[in-house]
Amino acid sequence: MDQRSQSAACDSIVVTGLGHVVLAPCDPTPYLKVRKNRKFMGVQDDLAVVAAGQAAASAGLGNALGERAGLYLSVGYLPFEQADVDVLFENSVDERGFSMQRFSSQAYDAVNPLLTFRCLSNMPAFHISVNLDIQGPYFVTYPGPGQFYLALEEACVALASGSIDIAFLGGIAYQQNFLVRHHFARIDLPAGRLLDAAGCVVLETATHAAARGARVRGRLLSYELSFHPRNPFEEAGSSEECGADGAMGSASLPVALSLGQRRSLRHELKTRDGICASSCWELA
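These notes cover the structure that comes with them. (Residues numbered from 1 in each chain as written. Predicted model: local features only at pLDDT ≥ 70, side-chain atom pairs only at ≥ 80, totals over all residues. Heavy atoms only, no water.)

**Things to note about the pattern of salt bridges**
Part 1 of the reasoning: Tallied over the entire structure, the rule returns seven salt bridges.
Part 2 of the reasoning: Arg38 serves as the salt-bridge partner of Asp46, at 3.1 Å between the closest nitrogen and oxygen.
Part 3 of the reasoning: For Arg38, a relative accessible area of 29% translates into the label partly exposed.
Part 4 of the reasoning: One salt bridge connects Asp165 with Arg68, and the closest N-O pair in it is separated by 3.0 Å. (Salt bridge = Lys/Arg side-chain N within 4 Å of Asp/Glu carboxyl O. Buried < 20%, exposed > 50% of the residue type's maximum accessible area, 1.4 Å probe, protein only.)

Now the structure itself:
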C-alpha cells in the first residue's frame, strides 16, 4: 500500500458538493461542452447532467476533472414512451402474432435511430463524464435505491484506496413515462406517486478536501449494506424506506442530502429484491 492509500484508508469521507433536480423538464444546455450532443439526450440524461453540474459548482470544481475523479451512478428503470412502443408493436406482428423477423427488420427501422441513446442506463454516465471531463473509474448500476448503496460502496472503496481524489455519486430516476409507470402499476407503489428526479453528491476524503480548501457540506458517518435472498415464488417481498422520499427511486437519498432540510440524516431501506441498507450523514 502506497503513502496515498495509507492516508486515505483512515480518512473520513466528506461531502463537498450537492446538486439535485426534482420534476422534469430541465435544461442541461448551460452544462454542455458540445451543444450538438443535446439531440442524443433523453430526460434521464438531462436530469443527470443538471444535478452533476450543480454538484460540481457547489464543490468549487470546474469541468475538466481528469483521471483523479470517478463517477458512480444508480440509474432508474429503463424509460420508454408509449408512442414508440406502439410503433414497435405494430411493425412486429403478422397474422400469426409476434414475428422476430419483422421485429428485427421492419420494426427496428421504424423508430427514431437516436431512441436507444435516450433510454440506455449508461448514457447518463456518458453525458456527465463528457461534460465534466471525468476520466477516472466509473460504476453504473440500476434500477433502485438499493443499488444506489452499491454505488456508494464503490465510491467509498475507491476514495479509501487512494485510487481517486473525488467521487461523483448520483441517482437518477426518470419515471413519468409509459414503461416505468406500467411496471410500478403492477407492484406496490401507485404510479401516480412517481417523481422524476436526480441527485448528485461530491465525496472526498477530509484530507483532500482540506488540501484544496473546499467547503465541507457534510460527512458520511456510517453505512451498512447487506443482501438477504428470497424465493420470489414463495415470498412476495415488500419495500420500505425511511429518511427520504421513495417516490424518487434511485434519486431518493442524494436528493434528500442535497435538500439539506435536517442537520443529520439517517436513511434506512429494505427492497423487495432483498437489499437492506442504511446510512448516517451529518450535514453542515
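**Considering the packing of helix 2 (residues 43-58) against helix 5 (residues 123-132)**
Part 1 of the reasoning: Where helix 2 contacts helix 5, the two axes come as close as 9 Å, and the packing angle between them is 40°. As summarised for this structure, helix 2 and helix 5 are arranged oblique, according to the angle between their axes. Between helix 2 and helix 5 lies a crossing whose hand is right-handed. In this structure, helix 2 contributes Gln44, Asp45, Ala48, Val49, Ala52 and Ala56 to the contact, and helix 5 contributes Met123, Pro124, His127, Ile128 and Leu132.
Part 2 of the reasoning: Residues that form the contact of helix 2 with helix 5 fall into these classes: eight nonpolar, two polar and one charged. (Axes fitted to C-alpha atoms, helices over the stretch in contact; angles between N-to-C directions. Helix = DSSP H or I, 4+ residues; strand = E, 2+ residues; numbered from the N terminus. Parallel < 35°, antiparallel > 145°, perpendicular 65-115°, else oblique. Left-handed = near helix turned anticlockwise from the far one by under 90°. Contact = heavy atoms within 4.5 Å. Nonpolar A, V, L, I, M, F, W, Y, C, P; charged D, E, K, R; others polar.)

**Comments concerning the sheet that holds strand 7 (residues 197-205)**
Part 1 of the reasoning: Read from one edge of the open sheet, nine strands run 5-2-6-7-1-8-11-10-9, paired in mixed fashion. In this open sheet, the two edge strands, each paired with only one partner strand, are strand 5 (138-141) and strand 9 (240-242). In this sheet, adjacent strand axes meet at a mean angle of 20° when their direction is disregarded.
Part 2 of the reasoning: The strands that helix 2 touches are strand 1 (13-22), strand 2 (69-75), strand 6 (166-173) and strand 7; relative to strand 1, the one it contacts most, it runs at about 140°.
Part 3 of the reasoning: This element, helix 6 (residues 145-161), spans strand 1, strand 2, strand 5, strand 6, strand 7, strand 8 (218-227), strand 9, strand 10 (264-270) and strand 11 (275-283) of the sheet and lies at about 120° to strand 8. (Pairing = 2+ DSSP bridges.)

**Re unusual backbone geometry**
Part 1 of the reasoning: Here the amide bond leading from Tyr142 into Pro143 is cis, since omega sits at 10°, within 30 degrees of zero.
Part 2 of the reasoning: With respect to the helices and strands, Pro143 occurs in the loop between strand 5 and helix 6.
Part 3 of the reasoning: One non-glycine residue with positive phi stands out, namely Asp133, at about 55°.
Part 4 of the reasoning: With respect to the element layout, Asp133 can be found in the loop between helix 5 and strand 5.

**Topic: the pairing of strand 8**
Along a regular strand, successive side chains alternate from one face of the sheet to the other.
Part 1 of the reasoning: Inspection of the sheet shows strand 1 paired to strand 8 by three bridges, in the antiparallel sense. The partner of Val15 across the bridge, within strand 8, is Gly218.
Part 2 of the reasoning: Pairing of strand 8 with strand 11, which is carried by nine bridges, proceeds in the antiparallel orientation. The residue of strand 11 that forms the bridge with Phe227 is Ile275.

**Some thoughts on the packing of aromatic side chains**
Part 1 of the reasoning: Within this structure, the stated rule accounts for four aromatic pairs.
Part 2 of the reasoning: Seen in terms of ring centroids, Phe40 and Phe117 are 5.4 Å apart; in terms of plane orientation they differ by 75°. Their pairing is edge-to-face. With Phe40 in the loop between strand 1 and helix 2 and Phe117 in the loop between helix 4 (100-110) and helix 5, this pair connects stretches of sequence that are 77 residues apart.
Part 3 of the reasoning: Aromatic side chains Phe98 and Phe103 sit 5.9 Å apart centroid to centroid with 45° between the ring planes, which places their arrangement in the tilted category. (Phe/Tyr/Trp six-rings, centres within 6.5 Å; stacked < 30°, edge-to-face > 60°.)

**Side note on the nonpolar core**
Part 1 of the reasoning: Formed by 30 residues in total, the largest nonpolar core has its most connected members in Leu61, Ile128, Leu132, Ile134 and Phe168.
Part 2 of the reasoning: Contact partners of Leu132, with chain neighbours within four places excluded, come to Ala52, Ala56, Gly62, Asn63, Ala64, Leu65 and Phe168.
Part 3 of the reasoning: With 28 residues, the next largest nonpolar core counts Val15, Leu18, Tyr72 and Ala277 among its residues. (Core = buried A, V, L, I, M, F, W, Y, C linked by side-chain atoms within 4.5 Å.)

**Regarding the state of the cysteines**
Part 1 of the reasoning: Applying the stated rule across the entire model yields zero disulfides.
Part 2 of the reasoning: The thiol of Cys26 is unpaired, and the distance to the nearest cysteine sulfur, on Cys200, comes to 13 Å.
Part 3 of the reasoning: Residue class for Cys26 comes out buried when judged on its relative accessible area of 15%.
Part 4 of the reasoning: Cys280 provides the cysteine sulfur closest to Cys242, a residue in no disulfide bond, and the two sulfurs are 11 Å apart.
Part 5 of the reasoning: Here Cys242 falls in the partly exposed class, since its relative accessible area comes to 46%. (Disulfide = S-S within 2.5 Å.)

**Details of helix 7 (residues 178-185)**
Part 1 of the reasoning: Among the residues of helix 7, Val180, His183 and Phe184 are the ones counted as buried. Looking straight down helix 7, one finds its buried side chains confined to an arc of 90°; they lie on one side. (Arc of directions from axis to C-beta.)

**A look at the side chain of Thr29**
Part 1 of the reasoning: Turning to its location among the elements, Thr29 is positioned in the loop between strand 1 and helix 2.
Part 2 of the reasoning: On the basis of relative accessibility, which here comes to 19%, the residue Thr29 falls in the buried class.
Part 3 of the reasoning: Within polar-contact distance, the side chain of Thr29 engages the side chain of Asp27 at 2.6 Å.
Part 4 of the reasoning: When neighbours within four sequence positions are excluded, Thr29 is seen to be in contact with Arg35 and Arg38. (Polar contact = N/O pair within 3.5 Å; in protein donor to acceptor, adjacent residues only side chain to side chain.)

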